[in-house]
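Listed below are the residues making up each chain.
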Amino acid sequence: MTVASEDDTHHNVTVVSDAEKIVGYPTSFVSLRCLLSDELSNVAMHVRKLVGTKHPLLSTARGLIYDSRNNLQMRGLVVLLMSKAAGPSQHTASDHLPQDMVSGIYPSQRNLAEVTELIHTAFLVHRGIINLKGWTNSDGPLKDMQFGNKMSVLSGDFLLANACTGLAQLNNTKVVELISSAIGDLVQGIYHEIHNSLEDNSLTDEINMDMWEEQTFLSHGALLAKSCQAAMELAKHDKDAQGLAYKYGKHLSLGHKLNSDLQLFVKSSSSADPVTFSFNSAPVVFHRQIVGQETWCHQLQQAKTIGRQMDYTKLRSTIKLEKGVTSTIDLCRYHGNKALESIQCFPSSEARSALENIARAVTKF
């Protein structure tokens, strides 16, 4: 088992930056037309008031603008690469002429990529809303957190409204249906995440990997899968091509989430670094499925300190003794391979190679 390193991180960034050159479109930022609007400028002025607080909206905003390592906005890039890899359809309508394409991509497909990014970013901002139940002043001034929550709602709603406007302007009923259903999937998936994150539920609810994949697809995969399919629809590709594009987005997203969940269990970390993880992350769910609910509850009791606090370092060591981690690695590689398989029917090109490189990068250890 290899460990993620600085070299791997640099490689991932290089993969994305090379892909951006292929589509002729810098996707490191959300739609500039949206970011430079007067409305969002006013929101940004208010967000500055949160500087010095611990509200997650600040780190989200900082990550969107400065942090190239996280590649928070890779979804739009994948949609553009998929559009270029598939190329124009033989059944393209008269209002979609080859000369309308820029770098092999129709304007409507570029607009779709922006819509996808706006939706993802809107939900990312909304996820930063803090549950203030039981909040104490030792955690930080309550009024700052309340203000941060209001700004998270306002900012997320603004981005989502712009996405819906852009979606309507595509003038394609099927695409509107696809992306609208993806928004519904996101809401449902996040509801499951919130329910599962509650400690009482995460300790007692029985969950297996089939359930995990189903719920994770809703919250992390549906948007990209359906956006890739929508990109094919905009170019009038047939159902087979749309289905393959959908599969690539689905398997890439699941592979990426599995890889993300694995990092705490496979990378080396300093003993001084605090350890914490979700009981509904993939390695833990696999572990719970392997050892059974009774053994899992017993292991949780053993991992608690005298003060009844959870010793996550001890629990992680217990989990790593079983096959949950290796099973997650195998599943991650499976989804990576399925993503690669789904695009082999597209003509060999720089765009297809970039999609292949991204699939390998997000499932690499």
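Procedures and definitions
Residues numbered from 1 in each chain as written. Predicted model: local features only at pLDDT ≥ 70, side-chain atom pairs only at ≥ 80, totals over all residues. Heavy atoms only, no water. Helix = DSSP H or I, 4+ residues; strand = E, 2+ residues; numbered from the N terminus. Buried < 20%, exposed > 50% of the residue type's maximum accessible area, 1.4 Å probe, protein only. Contact = heavy atoms within 4.5 Å. Salt bridge = Lys/Arg side-chain N within 4 Å of Asp/Glu carboxyl O. Phe/Tyr/Trp six-rings, centres within 6.5 Å; stacked < 30°, edge-to-face > 60°. Lys NZ or Arg CZ within 6 Å of the ring centre and 35° of its normal. Core = buried A, V, L, I, M, F, W, Y, C linked by side-chain atoms within 4.5 Å. pLDDT = per-residue confidence, 0-100. Expected span 1.5 Å × (residues − 1). Polar contact = N/O pair within 3.5 Å; in protein donor to acceptor, adjacent residues only side chain to side chain. Axes fitted to C-alpha atoms, helices over the stretch in contact; angles between N-to-C directions. Parallel < 35°, antiparallel > 145°, perpendicular 65-115°, else oblique. Nonpolar A, V, L, I, M, F, W, Y, C, P; charged D, E, K, R; others polar.

## Here's the deal with the overall build of the protein chain
Then, number 1: In terms of regular secondary structure, the protein chain is built from 16 helices and zero strands.
Then, number 2: Across the 365 residues of the protein chain, 48% fall into the buried class.
Then, number 3: Sequence-distant contacts, at least 24 apart, represent 77% of the contacts inside the protein chain between residues at least 6 apart.

## Here we look at the pattern of salt bridges
Then, number 1: Within this structure, the stated rule accounts for five salt bridges.
Then, number 2: Residue Lys257 is joined to Asp261 by a salt bridge in which the shortest nitrogen-to-oxygen separation is 2.7 Å. With Lys257 and Asp261 both in helix H11 (residues 239-266), this residue pair falls four residues apart, about one helical turn.
Then, number 3: Lys257 gets classed as buried once you look at its relative accessible area, which sits at 19%.
Then, number 4: As a salt-bridge pair, Arg352 and Glu356 come within 3.3 Å of each other at their nearest N and O atoms. One end of the pair is Arg352 and the other is Glu356, both in helix H16 (residues 350-362) and four residues apart, which spans about a single turn.

## Let's talk about the packing of aromatic side chains
Then, number 1: Applying the stated criterion across every chain yields a total of six aromatic pairs.
Then, number 2: Between the aromatic rings of Phe277 and Tyr312, the centroid separation amounts to 5.2 Å while the plane-to-plane angle is 80°, which identifies the pairing as edge-to-face. Of this pair, Phe277 sits in the loop between H11 and helix H12 (282-291) while Tyr312 sits in helix H14 (residues 312-321), and the two are 35 residues apart along the sequence.
Then, number 3: In textbook terms, an aromatic cluster arises when at least three aromatic residues are bridged by ring pairs, as seen for Phe265, Phe277, Phe279, Trp296 and Tyr312.
Then, number 4: Above the plane of the ring of Phe217 lies Lys250, whose end atom (NZ or CZ) is 5.9 Å from the centre.

## Quick notes on the nonpolar core
Then, number 1: By size, the foremost hydrophobic cluster in this structure holds 57 residues, and its most contacted members are Val78, Leu81, Met82, Leu112, Ile119, Tyr248 and Ile358.
Then, number 2: Not counting residues within four places of it along the chain, the set of residues in contact with Met82 comprises Cys228, Met232, Ala245, Tyr248, Ile343, Phe346 and Leu355.
Then, number 3: Counting 25 residues, the second largest nonpolar core, distinct from the first, contains Ile207, Phe277, Leu300 and Leu315.

## Some words on the confidence of the model for the protein chain
Then, number 1: Mean pLDDT over the protein chain stands at 80; residues scoring 70 or higher make up 73%.
Then, number 2: Within the protein chain, helix H2 (residues 32-35) has the poorest average pLDDT of any element, 50, and helix H15 (residues 324-342) the best, 96.
Then, number 3: Scored below 50 in pLDDT, residues 65-72 shows 13 contacts in the model against residues more than four places distant or in partner chains.

## What to know about the environment of Arg127
Then, number 1: Relative to the elements of secondary structure, Arg127 occurs in the loop between helix H6 (107-126) and helix H7 (142-168).
Then, number 2: Between the C-alpha atom of Arg127 and that of Gly156, which follows or precedes it by 29 residues, the distance is 9.2 Å.
Then, number 3: Beyond its immediate chain neighbours, meaning those up to four positions away, Arg127 contacts Ile190, Glu193, Ser219 and His220.

## Quick notes on the environment of Lys364
Then, number 1: The topology assignment puts Lys364 in the segment after H16.
Then, number 2: Judged by relative accessible area, Lys364 falls into the partly exposed class, the value being 41%.
Then, number 3: On a C-alpha basis, the gap between Lys364 and His256 in space is 9.4 Å, while along the polypeptide they are 108 residues apart.

## Looking at H11
Then, number 1: In a regular helix each residue adds 1.5 Å, so 28 residues correspond to 40 Å; H11 covers 39 Å between its end C-alpha atoms and thus fits that length.
Then, number 2: For H11, the side-chain oxygen to backbone nitrogen distance between the N-cap and Asp240 is 3.2 Å, and the N-cap itself is Asp238.

## So, the environment of Asp18
Then, number 1: With respect to the element layout, Asp18 can be found in helix H1 (residues 6-23).
Then, number 2: Sequence spacing of Asp18 and Glu350 is 332 residues, and the spatial spacing of their C-alpha atoms is 9.9 Å.

## Let's talk about the packing of H11 against H16
Then, number 1: Two elements in contact, H11 and H16, have axes separated by 8 Å at closest approach and are oriented at 30°. When the axes of H11 and H16 are compared, the pair comes out roughly parallel. Note on element contacts: H16 touches H11 through Leu355, Ile358, Ala359 and Val362, opposite Tyr248, Leu252, Gly255, His256 and Asn259.
Then, number 2: Within the contact of H11 with H16, the residues separate by chemical class into six nonpolar, three polar and no charged.

## What about H6?
An α-helix turns once per 3.6 residues; consequently, residues spaced three or four apart project the same way.
Then, number 1: With 20 residues, H6 should reach 28 Å at 1.5 Å per residue; the first-to-last C-alpha distance of 29 Å fits that figure.
Then, number 2: Here H6 lies mainly inside the structure; 16 of its 20 residues are buried.

## Thoughts on unusual backbone geometry
Then, number 1: In the Ramachandran plot, Asn171 falls in the positive-phi region, its phi being about 55° despite a non-glycine side chain.
Then, number 2: Looking at the secondary structure, you find Asn171 in the loop between H7 and helix H8 (173-197).
Then, number 3: Using a relative accessible area of 71% as the deciding quantity, one classes Asn171 as exposed.
Then, number 4: Of note in this structure, Lys236 is not a glycine but carries a positive phi near 65°.
Then, number 5: For Lys236, the position within the fold is in the loop between helix H10 (209-234) and H11.
Then, number 6: Judged by its relative accessible area of 29%, Lys236 is partly exposed.

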